[in-house]
Amino acid sequence: MADTFSGPSFLYHLLANELSVVLFNELDKTSDGYAPLPSLKARKHARNNPPEVEKLDESMKRLNVTPDVVLSKLEGMGYQVGLRLIERLLKDHQRFKDELEIMKYICTDLWKYIYDKQIDTLRTNNHGTYVFTDNTFKPLTFFSVEGVDQYYAAAARFITFPCGIIRGALSALGIRSAVSAKATTVTACVFEVIVERS
Amino acid sequence: MTFPQFGRLYFVIVGHRDQPLFEFEALKHDDSTSSIPLQREDYRHLCQFVVHAALDAVEASLVGPQGSQMFFKNVDRFNEWSVSAFVTSSLIKFVLLHPVRDDSQSAMRKEESDIIRNFFYAVYEIYMKLALNPFYELDSEISSRGFREKLHQLVKKHLLNL
């Protein structure tokens, strides 16, 4: 495989591709297809009067986008990334014998590839429900918030993407599932995977 | 009804619902041994039929004792064709229909199996590059011209003498 597809930068590669797909779909929705290039006058004006940066909550209110839409889009992107990531990672790997081995692979090798650490605890009820517990989930360790409530509200955005990755990885191996996540205490995160039984 | 020896190859990529994602035929030009030329459409239908019937045998080998390997040689046989398969981790199957030489000795058979295995691994590489494209929906029909050309080159490189 070409060197572009090895190493941790591969993940960013996949993510950039996903963002480009989202952008592509968004551009399709505008009436004339593509935004016109700004004129020289407009560009000069913009350079001299830089626009104020809008806060995320305010832009969401302005565009009338509910948090659910954003989260489901994030999860969708995670799904596509998970599909392709697992295809790449399992290139020289043997096929898995059962579901539990797949879950173990996700907890160890996949998590290690993305976050440099393994998932701390894997529990199952042997009837299709698996619970992954990560005590120091990487994205949640970089927060600086004023209060715990603010933390939980903001954490939701960061844990839907890995939900999508897990769901995509399982889907690529032929397992349909629903993955949800909850931030329990500060920096800890619990993912619940419910496998669809036929 | 006997089919004349054609020395043709048929390659197909099968998705999760047993649907063909990609088909490729390789024709050999000297058909001097054939007396009844088979029409191209009939040939294609027959190949699809044989591969579809062989999918059962492929899945049986998946749950068999050597189920965790990727390459399965001679998983099924029909008249003078033999079916070899390669199954990826995401259960996409590459199936190759190739003629069987009855008089081949074991050494030549091993060489043949190496050639086919190398071909399958090369196809796996280009399939994976295609799968990583975010605009390609997995398990859908492969209509990329670049993919077809690359596969054509691989067939010429690996399977020319088969």
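Structure: above.
How each quantity is defined
Residues numbered from 1 in each chain as written. Chains lettered and ligands numbered in written order. Predicted model: local features only at pLDDT ≥ 70, side-chain atom pairs only at ≥ 80, totals over all residues. Heavy atoms only, no water. Contact = heavy atoms within 4.5 Å. Buried area = accessible area lost by both parts, 1.4 Å probe. Salt bridge = Lys/Arg side-chain N within 4 Å of Asp/Glu carboxyl O. Polar contact = N/O pair within 3.5 Å; in protein donor to acceptor, adjacent residues only side chain to side chain. Helix = DSSP H or I, 4+ residues; strand = E, 2+ residues; numbered from the N terminus. Nonpolar A, V, L, I, M, F, W, Y, C, P; charged D, E, K, R; others polar. Axes fitted to C-alpha atoms, helices over the stretch in contact; angles between N-to-C directions. Parallel < 35°, antiparallel > 145°, perpendicular 65-115°, else oblique. Left-handed = near helix turned anticlockwise from the far one by under 90°. Expected span 1.5 Å × (residues − 1). Buried < 20%, exposed > 50% of the residue type's maximum accessible area, 1.4 Å probe, protein only.

**Looking at the interface of chain A and chain B**
Here comes step 1: Contacts between chain A and chain B engage 19 residues on the former and 23 residues on the latter.
Here comes step 2: Carbon and sulfur atoms supply 60% of the area that chain A and chain B bury against each other, a total of about 2000 Å² over both sides.
Here comes step 3: When the buried surface of chain A facing chain B is broken down by residue, A:Arg84, A:Glu87 and A:Arg95 rank first, second and third, together holding 42% of it.
Here comes step 4: Linking B:Glu125 and A:Lys91 is a salt bridge whose minimum nitrogen-to-oxygen distance equals 2.9 Å.
Here comes step 5: Connecting chain A to chain B are eight residue pairs in polar contact (both at pLDDT 80 or more).
Here comes step 6: When contributions to the side of chain A that touches chain B are tallied by element, the ones reaching two or more residues are helix H1 (9-29) and helix H4 (67-89) of chain A.
Here comes step 7: Take the side of chain A that touches chain B: its biggest share by element is six residues, from H1(A).
Here comes step 8: Its residues placed into classes, the side of chain A that touches chain B shows 10 nonpolar, three polar and six charged.

**Brief notes about the packing of H4(A) against helix H6 (residues 148-172) of chain A**
All names here are of chain A.
Here comes step 1: Contact pair H4 / H6: the axes reach a minimum separation of 6 Å and the direction vectors enclose 40°. In terms of orientation, H4 and H6 fall into the oblique class. Taken as a pair, H4 and H6 cross one another with a handedness that is right-handed. Residue-level inspection shows Leu-71, Leu-74, Glu-75, Met-77, Gly-78, Tyr-79, Val-81, Gly-82, Leu-83 and Ile-86 of H4 in contact with H6, the latter providing Ala-156, Arg-157, Thr-160, Phe-161, Cys-163, Gly-164, Ile-165, Arg-167, Gly-168, Ala-169, Ser-171 and Ala-172.
Here comes step 2: Of the residues that constitute the contact of H4 with H6, the class distribution is 13 nonpolar, six polar and three charged.

**Quick look at H4(A)**
Residues three or four positions apart in an α-helix share a direction because the helix packs 3.6 residues into each turn.
Here comes step 1: In this model H4(A) runs 32 Å from its N-terminal to its C-terminal C-alpha over 23 residues, within 8% of the 33 Å that 1.5 Å per residue would give.
Here comes step 2: Inspection of H4(A) places A:Glu75, A:Met77, A:Gly78, A:Tyr79, A:Val81, A:Gly82, A:Leu83, A:Arg84, A:Leu85, A:Ile86, A:Glu87 and A:Arg88 among the buried residues, and these make up the whole buried set.

**With respect to the pattern of salt bridges**
Here comes step 1: Under the definition given, this model contains 12 salt bridges over all chains.
Here comes step 2: Salt-bridge contacts for B:Glu23 lead to B:Arg44; the nearest nitrogen and oxygen are separated by 3.2 Å. Taken together, the positions of B:Glu23 in strand E2 (residues 20-26) and B:Arg44 in helix H1 (residues 40-62) put the pair 21 residues apart, joining distant regions of the chain.
Here comes step 3: Ionic contacts of the salt-bridge type, sharing partners, join the residues A:Lys91, A:Asp92 and B:Glu125 into one network.

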